[in-house]
Amino acid sequence: CMAGFSHAADMNKTIRFAFRSAESGFDPQLESDRYSNFILVAIFEPLLTYDYLARPVKVKPNTAVAMPEITDNCATYTFRIKPWIHFSDHPVFKGKKRELTAQDYAYSLRRFYDPEVKSANLYFLEGKIIGADEVMEAARKSGKYDYDAPVAGLETPDRYTLRIRLKKPDFNLLYILAMANSGAVAREVIEHYGVTEARSNPIGTGPYYLKEWRRSSKIVLEANPNYREVY
């Protein structure tokens, strides 16, 4: 049901859905269970998404302007982000509209490697992005991940361009980048809440935001008024 959003939802309409087991939380880089991911896909947006009407299955641009430029025999992927995509409103943005940028995706990908996050999804990217594992190892020794340390395989030459450079060709990267776990988070939101509380306070660019959550009991999503029209 969450695959066919075309614009901000009609607030006079409500859909109710029962989970068979409890959700864990709503941090895209951390969560790995099925029902948490049901919510993540409504709140966070990866660069790509699945074309649900295509057979055989394929991915298509989501927040990216187009499919990436792929060079170096599938070892370098260059994405260009659509401008004027905004996160849901939050006090940490100080009353301003917070635009999604390439830096948000670079930051979100780095979070997989942060030992404090303890991402169950690290295996998606471990050993793949040039320089990322070295920063992770340094964090394990120092006790703190340095998000400002350079990672050669994650470049943002301008506000809307993200270049991912891999150690060797990987034909599965596009499918990883279409998963909800690759959705963009805002660094200032994560730093405001910390890793633990960020799971309860998800702020993304997707068609919905979390209005209310009582763990294992009730989740209420409402339409994100900042959401763009998508066809």
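Bear in mind that the values here come from a model prediction, so they are computed numbers and not experimental data.

Colleague: Before we go on, may I ask you to explain the overall build of the protein chain in this structure?
Modeller: Regarding its fold elements, the protein chain presents five helices and eight strands. Ordering the α and β elements of the protein chain from the N terminus gives α-β-β-β-β-α-α-β-β-α-α-β-β. The C-alpha radius of gyration of the protein chain comes to 17 Å, within 12% of the 17 Å expected for a compact globule of 231 residues. Split into buried and exposed, the 231 residues of the protein chain put 48% on the buried side. Put simply, the protein chain has 32 plus and 29 minus side-chain charges, and the middle of one group is 3 Å from the middle of the other.

Colleague: Please explain the pairing of strand β8 (residues 218–223) as it appears in this structure.
Modeller: Each regular strand carries side chains that alternate between the two faces of the sheet. Inspection of the sheet shows strand β7 (residues 208–214) paired to β8 by six bridges, in the antiparallel sense. Bridging across to β8, Trp213 finds its partner in Ile219. Hairpin geometry of β7 and β8 is characterised by an intervening segment of three residues between the two adjacent antiparallel strands and by a positive phi of about 65° at Ser216.

Colleague: Looking at this model, I keep getting lost on the packing of aromatic side chains. Mind explaining?
Modeller: Aromatic ring pairs are defined here through the distance separating the ring centres and the angle between the ring planes. Counted by the stated rule, this structure contains 12 aromatic pairs. Put simply, the rings of Phe17, Phe19, Tyr35 and Phe38 pair up and form one aromatic cluster.

Colleague: Looking at this structure, how should I read the sheet that holds strand β6 (residues 161–165)?
Modeller: The strands that make up a sheet pair up through hydrogen bonds in the backbone, lying either parallel or antiparallel. Read from one edge of the open sheet, four strands run β3-β4-β6-β5, paired in antiparallel fashion. Of all strands in the sheet, those bounded by a partner on one side alone are β3 (69–71) and β5 (154–158). In this sheet, neighbouring strand axes are inclined to one another by 20° on average, regardless of whether the strands run parallel or antiparallel. Across the sheet, helix α2 (residues 102–111) touches β5 and β6, and the angle it forms with β5 is around 170°.

Colleague: Got a minute to help me understand the nonpolar core in this structure?
Modeller: Taken as a class, soluble globular proteins show a tendency for nonpolar side chains to be buried jointly. With 58 residues, the main nonpolar core has Leu47, Phe79, Tyr113, Leu125, Ile129 and Ile164 as its most contacted residues. The set of elements that each furnish at least two residues to this core consists of α1 (34–43), β4 (76–80), α2, α3 (132–142), β6, α4 (173–176), α5 (187–198) and β7. Sorting elements by how many residues they give to this core places α2 first, with five residues.

Colleague: How do you make sense of the pattern of salt bridges when you look at a structure like this?
Modeller: Oppositely charged side chains can form a pair if their charged atoms are brought close together. Tallied over the full model, the rule gives 18 salt bridges. A salt bridge links Arg199 to Glu31; its shortest N-O distance comes to 2.6 Å. With a gap of 168 residues between them, Arg199 in the loop between α5 and β7 and Glu31 in the segment before α1 connect regions that are remote in the sequence. For Glu31, a relative accessible area of 1% translates into the label buried. Of the charged contacts, one joins Arg98 and Asp104 as a salt bridge, the two residues approaching to 2.7 Å between their closest N and O atoms.

Colleague: I'm lost on the pairing of β6 in this one. Help?
Modeller: Note that β4 and β6 share five bridges and pair antiparallel. What sits directly across from Thr76, in β6, is Arg165. Here three bridges tie β5 to β6, and the two strands are oriented antiparallel to one another. Paired with Leu154 across the strands is Ile164, a residue of β6. Between the end of β5 and the start of β6, which pair antiparallel, lie two residues.

Colleague: I would appreciate a short explanation of α1 in the present structure.
Modeller: The periodicity of an α-helix, 3.6 residues per turn, causes residues three or four positions apart to be oriented the same way. Counting buried positions along α1 gives seven out of 10 residues, so the element sits mostly inside the fold. Of the residues flanking the start of α1, the one acting as N-cap is Asp33, its side-chain oxygen 3.4 Å from the backbone nitrogen of Tyr35.

Colleague: Please explain empty space enclosed by the protein as it appears in this structure.
Modeller: To find leftover empty space, a probe the size of one water molecule is rolled over the atoms. Counting across every chain of the model gives one cavity of 30 Å³ or more. What lines the largest cavity is Phe26, Asp27, Pro28, Phe44, Val185, Ala186, Val189, Ile190, Ala198, Asn201, Pro202 and Ile203. Split into classes, the residues belonging to the lining of the largest cavity amount to 10 nonpolar, one polar and one charged.

Colleague: I keep staring at the environment of Gly204 and nothing clicks. Help me out?
Modeller: Inspection of the secondary structure assignment puts Gly204 in the loop between α5 and β7. Residues Gly204 and Asp27, 177 residues apart in the sequence, show an inter-C-alpha distance of 10 Å. Residues contacting Gly204, with those up to four places away along its chain left out, are Ile43, Phe44, His86, Phe87, Ser88 and Asn224.

Parameters and conventions
- Numbering of residues starts from 1 in each chain and follows the order in which that chain's sequence is written.
- Under the rules for a predicted model, residues below a pLDDT of 70 receive no local features and side-chain atom pairs below 80 are neither given nor counted, while totals for whole chains, interfaces and linings still include all residues.
- Only hydrogens and water are set aside when side-chain values are computed; all heavy atoms of the structure are taken into account.
- Numbering of helices and strands runs from the N terminus; a helix is a DSSP stretch of H or I covering at least four residues, while a strand is a stretch of E covering at least two.
- As defined in this context, the radius of gyration uses C-alpha atoms, and a globule is described by 2.2 Å times the residue total to the power 0.38.
- Three exposure classes are used, based on accessible area relative to the maximum for each residue type with a 1.4 Å probe and protein chains only: buried under 20%, partly exposed in between, and exposed over 50%.
- Just so you know, the count uses Lys and Arg for positive and Asp and Glu for negative, and it drops His and the chain ends.
- Note that the charge is assigned to NZ on lysines, CZ on arginines, CG on aspartates and CD on glutamates.
- Pairing between two strands is assigned when DSSP locates at least 2 bridges connecting them.
- Here is the rule: rings of Phe, Tyr and Trp (six-membered ring for Trp) pair when centre to centre is within 6.5 Å. Planes less than 30 degrees apart are stacked, more than 60 are edge-to-face, and the remainder are tilted.
- Axis angles are defined between N-to-C directions and span 0 to 180 degrees, where every axis is a line fitted to C-alpha atoms and, for a helix, only to the segment in contact.
- Should any heavy atoms of two residues lie within 4.5 Å, those residues are considered in contact.
- Take the buried Ala, Val, Leu, Ile, Met, Phe, Trp, Tyr and Cys residues and link them wherever side-chain atoms come within 4.5 Å; each set so joined is a nonpolar core.
- Here, a salt bridge means any side-chain nitrogen of Lys or Arg that lies within 4 Å of a carboxyl oxygen of Asp or Glu.
- Each polar contact in these results corresponds to two N or O atoms within 3.5 Å; when the atoms are within protein, one needs to be able to donate a hydrogen and the other to accept it, and residues that are neighboring in sequence are counted only if both atoms are side-chain atoms.
- A pocket, in this scheme, is an open set of points on a 1 Å grid over the protein atoms alone with protein on both sides within 12 Å along at least 5 of 7 lines, while a cavity is a set where a 1.4 Å probe fits but cannot get out; residues line either one if an atom lies within 4 Å of a point.
- Grid points are joined across faces, edges and corners, and a volume is the space filled by probe spheres set on the points.
- Under the convention adopted here, Pro, Cys and the residues Ala, Val, Leu, Ile, Met, Phe, Trp and Tyr are nonpolar, Asp, Glu, Lys and Arg are charged, and Gly plus all remaining residues are polar.

Geometry only, nothing functional implied.
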